[in-house]
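As a plain string of letters, each chain reads:
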Amino acid sequence: MTEPAHRGRASGTPRRPPTIHDVAAVAGVSRGTVSRVLQGGHNVSPASLEAVNAAIAKLGYVVNRAARSLVTQRSGSVAFLLTEPQERFFEDPNFTTLLRGCTAALATHDMPLLLMTAGDEAEQRRITRYLAAGHVDGVLLVSSHRGNPMIEQLREAEIPMVCCGKPLGQRGRVPYVAADDREGAKDMVRHLVESGRSRIATIAGPQDTPGGVERLYGYREVLDEYGIAFDERLVAYGDYSRAGGEEAAARLLATAPDLDAVFVASDLMADGALTALHQAGRSVPGDVAVGGFDDSPAALTTRPPLTTVRQPWDRISSEMVRLLLAQIAGEAQPTVILPTELVIRESA
């Protein structure tokens, strides 16, 4: 017996993706109502909003971002721009933590995040051209060294941006979100002093970064507060890397062998400092107490576990995204500075 011809779409023919018109038909509303739902649900009744969302779920409708961008003149995406060499992204857990938080915050707005790194001038030029061409609506700028050319280039291109950390030398011209580096450092150094330590050294971060500058200020202010004389021999500088922390700690031990505590401006450098102290035969915290900064995943893997200053990474991420989206919408936004928290573990 001959099989009856199949009615409708021929077998093997690709199914047409659902359109906004299909969603409107299934929901029983106008195309304009569907469009308003897709743009945030403003001026849409609860019943219509529920009907449209149900239709989208039933049909498996996906927004055509290319078509939308032709109408709105927006790309619907944001860049996470790290102005450091690529290897730093993989070494420093703070960057991946921040990226994860920003991705999650943008997901609630159905916006993708593009990861970009610009560690040298050639990369910065290429990325500036790409961003200026309108491929993203805004930039979350991470790791802003003093004189970072990307800030001025983005400003000249009139691309909305928010910095992670205070951009040095900008005098309020660029919105940013930061932890209170100075107060966090002061909390740590007070803890070391009140634990009975008197020869407290520090491994400061690069002095062209906000964390490097502010955390060193905090260290010095607490020494003054307790009447402890500042000693240049107790200060070394690192680059926020594990190797940089190890080298700086070795220099401190050579110039000030009587030190009994070290405040380190990042957990990663503190991990390196612990290695140097162990190699020198110093016990932690018996001979030398060690405190870090960040409360990154590295703080839990050191031996002993690291006393540190916790940065509120989830809040930093969400506030950066909030400020950037507001800027994209044309709203001026203020700077946000968030409190830190002293986390006491076994190293100090």
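Conventions adopted
Residues numbered from 1 in each chain as written. Predicted model: local features only at pLDDT ≥ 70, side-chain atom pairs only at ≥ 80, totals over all residues. Heavy atoms only, no water. Axes fitted to C-alpha atoms, helices over the stretch in contact; angles between N-to-C directions. Helix = DSSP H or I, 4+ residues; strand = E, 2+ residues; numbered from the N terminus. Parallel < 35°, antiparallel > 145°, perpendicular 65-115°, else oblique. Left-handed = near helix turned anticlockwise from the far one by under 90°. Contact = heavy atoms within 4.5 Å. Nonpolar A, V, L, I, M, F, W, Y, C, P; charged D, E, K, R; others polar. Pairing = 2+ DSSP bridges. Expected span 1.5 Å × (residues − 1). Buried < 20%, exposed > 50% of the residue type's maximum accessible area, 1.4 Å probe, protein only. Polar contact = N/O pair within 3.5 Å; in protein donor to acceptor, adjacent residues only side chain to side chain.

(A) Seen up close, the packing of helix α7 (residues 121-132) against helix α8 (residues 149-156). The geometry of α7 relative to α8 is characterised by a closest axis approach of 10 Å and an angle of 20° between their N-to-C directions. With respect to each other, α7 and α8 are oriented roughly parallel. As α7 packs across α8, the resulting crossing turns out to be right-handed. Residue-level inspection shows Gln-124, Ile-127, Thr-128 and Leu-131 of α7 in contact with α8, the latter providing Pro-149, Met-150, Gln-153 and Leu-154. Among the residues forming the contact of α7 with α8, the class breakdown is five nonpolar, three polar and no charged.

(B) Main features of the sheet that holds strand β11 (residues 336-338). With parallel pairing, the six strands of this open sheet are ordered in space as β2-β1-β3-β4-β5-β11. Looking at the sheet topology across the chains shown, the edges are occupied by β2 (113-117) and β11. Taken pair by pair, the neighbouring strands of this sheet meet at an average axis angle of 20°, ignoring direction. Relative to strand β4 (residues 161-164), α8 is tilted by about 165°, and along the sheet it contacts β1 (78-82), β3 (138-142) and β4. Relative to the sheet, helix α14 (residues 313-328) contacts β1, β3, β4, β5 (176-179) and β11, its axis offset from that of β4 by approximately 160°.

(C) Structural context of helix α6 (residues 93-107). Under the 1.5 Å per step criterion, the end-to-end length of α6 is 21 Å for 15 residues, consistent within 8% with the ideal 21 Å. Taken residue by residue, α6 has Pro-93, Asn-94, Phe-95, Thr-97, Leu-98, Leu-99, Gly-101, Cys-102, Ala-105 and Leu-106 as its buried positions.

(D) Region of the structure containing the environment of Ser-347. Looking at the secondary structure, you find Ser-347 in the segment after β12 (341-343). Look at Ser-347 and you get buried, because its relative accessible area is 0%. On a C-alpha basis, the gap between Ser-347 and Val-288 in space is 8.6 Å, while along the polypeptide they are 59 residues apart. With near-sequence residues (within four places) excluded, Ser-347 lies in contact with Val-284, Pro-285, Val-288, Ala-289, Val-290, Pro-304, Pro-305, Leu-306 and Thr-307. Of note is the side chain of Ser-347, whose polar atom sits 2.8 Å from the backbone nitrogen of Thr-307.

(E) Region of interest: the sheet that holds strand β7 (residues 235-237). Pairing is parallel across the open sheet formed by four strands, whose spatial order is β7-β6-β8-β9. Of all the strands in the sheet, just β7 and β9 (289-291) have a single pairing partner and so form its edges. Strand-to-strand twist across the sheet, computed as the mean angle between neighbouring axes with direction ignored, equals 15°.

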